[in-house]
Amino acid sequence: MLTGTLVNYYTHCRRQCWLFYHHINMEDNSEDVRIGRVLHELKKQDKKEIALEGIKLDKLTAEYVTEIKKSDADIPAAMAQLEYYLIVLRDKGIMRKGRLECIEKNKQNKSIHTLTLTEERMGELKKEYRSIEEFLNSDVPPPPPKIKPMCKKCAYFEYCFI
Ligand code: SF4
């Protein structure tokens, strides 16, 4: 079953998405991951996180679904995750706009990003989700692409390049 995290990883790096889906887990003790875990725990303690099938919403208001990220390192991947949440909710008859909040603003000049799903975009996304599911069912992962700066922070770095 597809999840918001898988859609995020698929946008970020297809190889990472495949490895994660197939439970090839590497212990990642990087600073970023530790901060992410703490953030996740705080959200749980705050009882604001809402879990539905395949999605965990940081906040749900009458107008927005809000996703909170530690940084703005990969806005397209975070927005893809948010779109997935909007689609899952829409399928349940819950219409919302998306709101992404980045705690650290390093690459962008704003920390809040919003999105509204159009009918056309929904059609495109449904097709894309079917392709992601087919991709995940393949027997082997895609080969590592050329090394990118993001790879140095990735838990799979050694698996891919050493
Ligand atoms: S190290 Fe790079 S290529 Fe390998 S999974 Fe991570 S992001 Fe993808």
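Residues numbered from 1 in each chain as written. Predicted model: local features only at pLDDT ≥ 70, side-chain atom pairs only at ≥ 80, totals over all residues. Heavy atoms only, no water.

Taking an unreviewed UniProt entry as the reference, the chain is identified by name as CRISPR-associated exonuclease, Cas4 family belonging to Syntrophomonas wolfei subsp. wolfei.

1. Focus: the environment of Arg 14
Along the chain, the position of Arg 14 falls in helix H2 (residues 14-21). Its relative accessible area of 46% is what places Arg 14 among the partly exposed residues. Residues Arg 14 and Pro 144 lie 130 residues apart in sequence; the distance between their C-alpha atoms is 9.1 Å. With residues up to four places along the chain from it excluded, the contact list for Arg 14 reads Tyr 9, Phe 135 and Pro 142. (Helix = DSSP H or I, 4+ residues; strand = E, 2+ residues; numbered from the N terminus. Buried < 20%, exposed > 50% of the residue type's maximum accessible area, 1.4 Å probe, protein only. Contact = heavy atoms within 4.5 Å.)

2. What about the site of the ligand?
Taken together, Cys 13, Gln 16, Pro 145, Met 150, Cys 151, Cys 154, Tyr 156, Phe 157, Cys 160 and Phe 161 make up the full set of residues adjacent to the ligand. The residue makeup of the shell around the ligand, split by class, is nine nonpolar, one polar and no charged. (Near = heavy atom within 4 Å. Nonpolar A, V, L, I, M, F, W, Y, C, P; charged D, E, K, R; others polar.)

3. Some points on the sheet that holds strand E6 (residues 112-115)
If you trace the four strands from one edge of the open sheet to the other, you get E3-E4-E5-E6, paired in mixed fashion. Across the chains shown, the open sheet's two edge strands, defined by having one partner strand only, are strand E3 (59-60) and E6. For strand E4 (residues 64-71) and strand E5 (residues 97-104), the ladder comprises seven bridges, and the chain directions are parallel. Opposite Lys 69, over in E5, you have Cys 102 as the bridge partner. (Pairing = 2+ DSSP bridges.)

4. Structural notes on the nonpolar core
Ranked by internal contacts, the top residues of the largest apolar core, which has 32 residues, are Leu 2, Tyr 84 and Tyr 129. Elements supplying a minimum of two residues to this core: helix H1 (4-12), H2, strand E2 (55-57), helix H4 (75-91), E5 and helix H5 (119-136). Looking at which element gives the most residues to this core, the answer is H4, with eleven residues. In this structure, Leu 2 is in contact with Val 7, Gly 54, Tyr 84, Tyr 129, Ile 132, Glu 133 and Leu 136, ignoring residues within four places of it in sequence. (Core = buried A, V, L, I, M, F, W, Y, C linked by side-chain atoms within 4.5 Å.)

5. Re the side chain of Ser 71
Relative to the elements of secondary structure, Ser 71 occurs in strand E4. Judged by its relative accessible area of 19%, Ser 71 falls in the buried class. Within the structure, Ser 71 has its side chain in polar contact with the backbone nitrogen of Ala 73 (distance 3.1 Å). (Polar contact = N/O pair within 3.5 Å; in protein donor to acceptor, adjacent residues only side chain to side chain.)

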